[in-house]
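Residue strings, one per chain:
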Amino acid sequence: MVNAAEKLKKQQIKREKEIAKWEKEKARPKRNFYFIYLVFIIALIYATDEIASQIGTLMKTEIANDLFSKYGESSVGLLDILSILVVPFQALGLFYRPLADRWGRKKFLIINTFGMSFAMLVIFLSNNLILYFVGACMVQFFIPHDMHVVYIMESSPSKHRARVYSSIKFFANMSVMLVPLLRRMLMHEADQWRMVYFIPAIVGVITCFIALITARETDTFIDSRLRYLRMSDKEREAERAQKSSENAQGGLLHALRFAMKHKQLRWLYITSALANVGFIGTINYQVIMSYGYAENYVSNGLFSSLGEEVMNFVSTGPVTTALFMFPVGCAVAQVIMGFISDSKGRKTAAITTAVNCLIAFIGFSLGSKMAWNEYFVGFLCGAFVGSFYSTNDVLIMMIGESAPTNLRSSTMSAQFIVTAAGVAVSYIVSLPLITFLGNSVTGTVSFALLVPGFIAAFFALVKKTHDTKGIDMETVTGCEWD
């Protein structure tokens, strides 16, 4: 009995200390224009995330040729197989993400930014396949966390949330232009691709320290955490028993169970899985572009075959030129999503971006094979990828707006588990075809997966889900649509 009483007393003291900590944090005065420079900080972090996410894909042909040519192979399919080996580390990140529902948003905002930046430094220093693999694993561990997205959602006025989000992502997408710029400046030969990683990594580390000094914890999280800490043991037990709050302070498995029991979240998860059946196209767009231009040059007699000479010419020439417009296309697609989402609703925005995705994909694939103007092809490529991820962004925004605060980060994290089903289909179908038939079929395979996946997602979204525009992020329970 004495030990139980002492344990209870220690828990109470610990709880009181945490309450005092969060009250002190909430009492910190917000300086003039705090929201403006918070947006600036989040934009820099989002830029680091976008570059870390896209940089490997923007140089996929060069990386595949360099890493596997030593072993007598240069197939993009082999690099995709290597990417599958990275998936367990991405899965570990999903279990790591819900910790933000317990320990706060800011800690993980800092850790993730530093982790992505350090991972790019590792790849920059890699001189073999193993070290590259280590860096890729680190990138995939930190990227899914997206704590900057949670910050945006919890810090923005509800009626402007999508506009603020799309404006920040516009900046983040435009920052990806740094990659083709560095390709032009530093990658004089295709095998110099590692040099492109260095500057984004350093910028990311600097951004991390800026956020550490200037960012505050979100008020939404502080209020939710204080409410939980001030409950009596009986109240806490009662809340755990409620249908709308099976785990009072997050948890991946609890979030999954919660979502599966509520119609809105359940169908948003299903829609996300269907929308990602065509995922393979979003990691192979540079390959589609490279081999499209290369095949055109060969068919027109400029080169005799798809050998090292033509691929080096394509890498340092038309593809690098086209990639300058890639972030512009991404950014335009994101802005379209944001403004439609706030004015017409989330579902209308998702439908619009899905249609844009399919049209842009067809345009950039044909443009590459027919050697259209490089800037135009690059813009269409960016519009395709930007629209694909904008569709997913709307869905994850709807998931966040359909979940209670105490489960929001966990529910958004759990979404990646169900999305993995669509990604798995994408890999299972595409990898054997691309590996055995060659890199030139990547565009055809991607289209065959993308179209039916988006059509099925469209019907699930329209028929089974409800719009979340204007939802109150502090009072939503997840039960409203049951």
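Residues numbered from 1 in each chain as written. Predicted model: local features only at pLDDT ≥ 70, side-chain atom pairs only at ≥ 80, totals over all residues. Heavy atoms only, no water.

### Some details on the overall build of the chain
Turning to step 1, where the next piece is worked out: On a plain count of helices and strands, the chain comes out with 23 helices and 0 strands.
Turning to step 2, where the next piece is worked out: Counting across all 482 residues of the chain, residues that qualify as buried make up 57%.
Turning to step 3, where the next piece is worked out: Across the chain, every contact between residues at least 6 apart in sequence was considered, and the portion connecting residues at least 24 apart equals 82%.
Turning to step 4, where the next piece is worked out: In the form shown here, the chain has an accessible surface area of approximately 19,800 Å², with 67% of it arising from carbon and sulfur atoms. (Helix = DSSP H or I, 4+ residues; strand = E, 2+ residues; numbered from the N terminus. Buried < 20%, exposed > 50% of the residue type's maximum accessible area, 1.4 Å probe, protein only. Contact = heavy atoms within 4.5 Å. Areas by Shrake-Rupley, 256 points an atom, 1.4 Å probe, with all protein chains shown as cover.)

### Here we look at the pattern of salt bridges
Turning to step 1, where the next piece is worked out: This model, assessed by the stated rule, comprises 4 salt bridges.
Turning to step 2, where the next piece is worked out: Note that R230 and E23 form a salt bridge whose closest N and O atoms lie 2.2 Å from each other. Of this pair, R230 sits in the loop between α12 (219–229) and α13 (233–241) while E23 is found in helix α1 (residues 2–27), placing the two residues 207 residues apart along the sequence.
Turning to step 3, where the next piece is worked out: By relative accessible area, which is 37% here, E23 ends up partly exposed.
Turning to step 4, where the next piece is worked out: Where R346 meets E401, a salt bridge forms, and the shortest distance between an N and an O atom there is 2.7 Å. Taken together, the positions of R346 in helix α20 (residues 346–369) and E401 in helix α21 (residues 374–401) put the pair 55 residues apart, joining distant regions of the chain. (Salt bridge = Lys/Arg side-chain N within 4 Å of Asp/Glu carboxyl O.)

### Observations regarding the nonpolar core
Turning to step 1, where the next piece is worked out: Judged by nonpolar contacts, the single largest core of 111 residues is most densely connected at Y132, W193, M289, F326, F364 and F384.
Turning to step 2, where the next piece is worked out: The element best represented in this core is α21, accounting for 13 residues.
Turning to step 3, where the next piece is worked out: With residues near it in sequence (within four places) discarded, F326 still touches Q54, L58, V176, Y285, G378, C381, G382 and V385.
Turning to step 4, where the next piece is worked out: Judged by nonpolar contacts, the second largest core, of 9 residues, contains I280, V423, Y427 and L449. (Core = buried A, V, L, I, M, F, W, Y, C linked by side-chain atoms within 4.5 Å.)

### Points about the confidence of the model for the chain
Turning to step 1, where the next piece is worked out: Predicted confidence across the chain gives a mean pLDDT of 81, with 89% of residues reaching 70 or more.
Turning to step 2, where the next piece is worked out: Low pLDDT (under 50) marks residues 243–247, which in the prediction has 20 contacts with non-local residues, meaning those over four places away or in another chain. (pLDDT = per-residue confidence, 0-100.)

### Topic: the environment of M59
Turning to step 1, where the next piece is worked out: As for its placement among the helices and strands, M59 is situated in the loop between α2 (34–58) and α3 (60–69).
Turning to step 2, where the next piece is worked out: Exposure remark for M59: the relative accessible area of 0% places this residue in the buried category.
Turning to step 3, where the next piece is worked out: Once the C-alpha coordinates of M59 and Q286 are considered, the two residues, 227 residues apart in sequence, prove to be 7.0 Å apart.
Turning to step 4, where the next piece is worked out: With sequence-adjacent residues up to four places away left out, M59 is seen in contact with R183, M187, W193, V196, Y197 and Q286.

### Re the state of the cysteines
Turning to step 1, where the next piece is worked out: The full count for this structure, using the stated rule, is 0 disulfides.
Turning to step 2, where the next piece is worked out: Here C330 is not disulfide-linked; the sulfur of C381 is the nearest cysteine sulfur, at 7.5 Å. (Disulfide = S-S within 2.5 Å.)

### A word on α20
An α-helical segment advances 3.6 residues per turn. Residues three or four places apart therefore align on the same side.
Turning to step 1, where the next piece is worked out: The end-to-end C-alpha distance of α20, which contains 24 residues, comes to 35 Å, matching closely the 34 Å that a straight helix rising 1.5 Å per residue would cover.
Turning to step 2, where the next piece is worked out: Just past α20, the residue A371 takes up positive phi, approximately 55°. (Expected span 1.5 Å × (residues − 1).)

### Description of a nonpolar patch on the surface
Turning to step 1, where the next piece is worked out: Among the surface-exposed residues, F198, I199, I202, V203, I206 and I210 lie close enough to one another that they form a single nonpolar patch of about 460 Å² accessible area.
Turning to step 2, where the next piece is worked out: The topology assignment puts I202 in helix α11 (residues 198–214).
Turning to step 3, where the next piece is worked out: The class for I202 is partly exposed, based on a relative accessible area of 34%. (Patch = residues over 30% accessible without salt bridge, like charges linked within 9 Å, V, L, I, M, F, W, Y side chains within 5 Å.)

### Re the packing of helix α19 (residues 326–344) against α20
Turning to step 1, where the next piece is worked out: Where α19 meets α20, the closest approach of the two axes is 7 Å, and the angle between their N-to-C directions is 150°. Overall, the two elements α19 and α20 adopt an arrangement that is roughly antiparallel. Where α19 crosses over α20, the two elements pack in a sense that is right-handed. Contacts between α19 and α20 involve I336, M337, I340, S341, D342 and K344 from the former and R346, T348, A349, T352, T353 and N356 from the latter.
Turning to step 2, where the next piece is worked out: By residue class, the composition of the contact of α19 with α20 is 4 nonpolar, 5 polar and 3 charged. (Axes fitted to C-alpha atoms, helices over the stretch in contact; angles between N-to-C directions. Parallel < 35°, antiparallel > 145°, perpendicular 65-115°, else oblique. Left-handed = near helix turned anticlockwise from the far one by under 90°. Nonpolar A, V, L, I, M, F, W, Y, C, P; charged D, E, K, R; others polar.)

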